[in-house]
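Results of the structural survey
Residues per chain, in single letters:
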Amino acid sequence: MQKIKLLFFAGIALVAASCSSSLDRDEFIAWVTDYEHGLHVKQEHEPYIFDLQFQPADFVRLQRQDNTTHADLKAMQYYTLKIGTNGHGGFLSTGVSSHIEKQQKLYYFSYLFQDNIKLHEENGDVLPCVLYHFEKGLNKESTFVLGFENPLPLSKSASLVLESEEFGSFPVKIKISKDNIPSLKTHDENNL
């Protein structure tokens, strides 16, 4: 019985150590962007393809390559949403039949779409999109940089909900896991 208890506690310690591991810059970026860990999700909703990337604070700091403090970045949750098509037409030309309709769609996604984006946290909080930037893609997809206030404590999962008639009569829901994110090695750890 004593051996079973010892093995049980050793297993718990091993799991805790693996969840709290530190990764160097390249390993961290690869881990965050890998579809297997739940922070990066691709979902199809005919004829659209949605690619959502949750960006932890350390990931954003690495991308910016500046001295923004970790605490400043933790005040917001950052996401990148790419919307493309699986057909021959581009994202902005899907479902339009004239130049005027294409301009109206471009205006909608440039300015109005933000109001149709919510983040549903696992604890029941519904957060509006407070940071919004639309990048018109040259190919089939366009990119949206999204930001939401960060409730404390950070939930382990959330669903991005797009309630737009552009994608049909039902909302598009994309679930993201924010659980067991490894830490980024600091400069001190890299120099050991």
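These figures come from a predicted structure and were not determined experimentally.

Here we come to the side chain of E121. One can find E121 in strand β5 (residues 117-121). Residue E121 is classed as buried on the basis of its relative accessible area of 4%. In this structure the side chain of E121 is engaged in a polar contact, spanning 3.2 Å, whose partner is the side chain of K178. Not counting the four nearest positions on each side in its chain, E121 is found in contact with Q77, L127, P151, S155, S157, A158 and K178.

Ranked by size, the top nonpolar core spans 38 residues in total, and within it L81, F113, F144, L146 and F167 carry the most contacts. Of all the elements, strand β3 (residues 48-55) adds the most residues to this core, at four residues. In this structure F167 touches H45, Y48, F50, I83, F91, F109, F113, L162 and V172, once residues within four positions along its chain are discounted.

For the rest of this paragraph, the subject is the environment of L73. Its place among the elements puts L73 in helix α4 (residues 70-73). Assessed through its relative accessible area of 1%, L73 is described here as buried. C-alpha separation for the pair L73 and P56, spaced 17 residues apart in sequence, amounts to 8.6 Å.

Another aspect to go through is a nonpolar patch on the surface. On the surface, a nonpolar cluster with roughly 340 Å² of combined accessible area is contributed by Y107, Y111 and L112. Mapped onto the elements, Y111 comes out in helix α5 (residues 99-112). Take Y111: its relative accessible area is 54%, and that puts it in the exposed class.

Attention now moves to the sheet that holds strand β7 (residues 131-135). Taken in spatial order, the five strands line up as β2-β3-β4-β8-β7 in an open sheet, and their pairing is antiparallel. The sheet terminates laterally at β2 (40-45) and β7, the two strands that pair on one side only. Across the sheet, the mean angle separating the axes of adjacent strands is 15° when strand polarity is ignored. Alignment of β2 against β3, held across six bridges, turns out to be antiparallel. Residue pairing in the sheet places E44 in a bridge with I49 of β3. Sitting on the sheet, helix α3 (residues 57-64) is in contact with β3 and β4 (76-85), with an inclination near 95° to β3. Contacting β3, β7 and β8 (142-149), α5 runs over the sheet at an angle of about 145° to β7.

The rules behind the values
- Residues numbered from 1 in each chain as written.
- Predicted model: local features only at pLDDT ≥ 70, side-chain atom pairs only at ≥ 80, totals over all residues.
- Heavy atoms only, no water.
- Helix = DSSP H or I, 4+ residues; strand = E, 2+ residues; numbered from the N terminus.
- Buried < 20%, exposed > 50% of the residue type's maximum accessible area, 1.4 Å probe, protein only.
- Polar contact = N/O pair within 3.5 Å; in protein donor to acceptor, adjacent residues only side chain to side chain.
- Contact = heavy atoms within 4.5 Å.
- Core = buried A, V, L, I, M, F, W, Y, C linked by side-chain atoms within 4.5 Å.
- Patch = residues over 30% accessible without salt bridge, like charges linked within 9 Å, V, L, I, M, F, W, Y side chains within 5 Å.
- Areas by Shrake-Rupley, 256 points an atom, 1.4 Å probe, with all protein chains shown as cover.
- Salt bridge = Lys/Arg side-chain N within 4 Å of Asp/Glu carboxyl O.
- Pairing = 2+ DSSP bridges.
- Axes fitted to C-alpha atoms, helices over the stretch in contact; angles between N-to-C directions.

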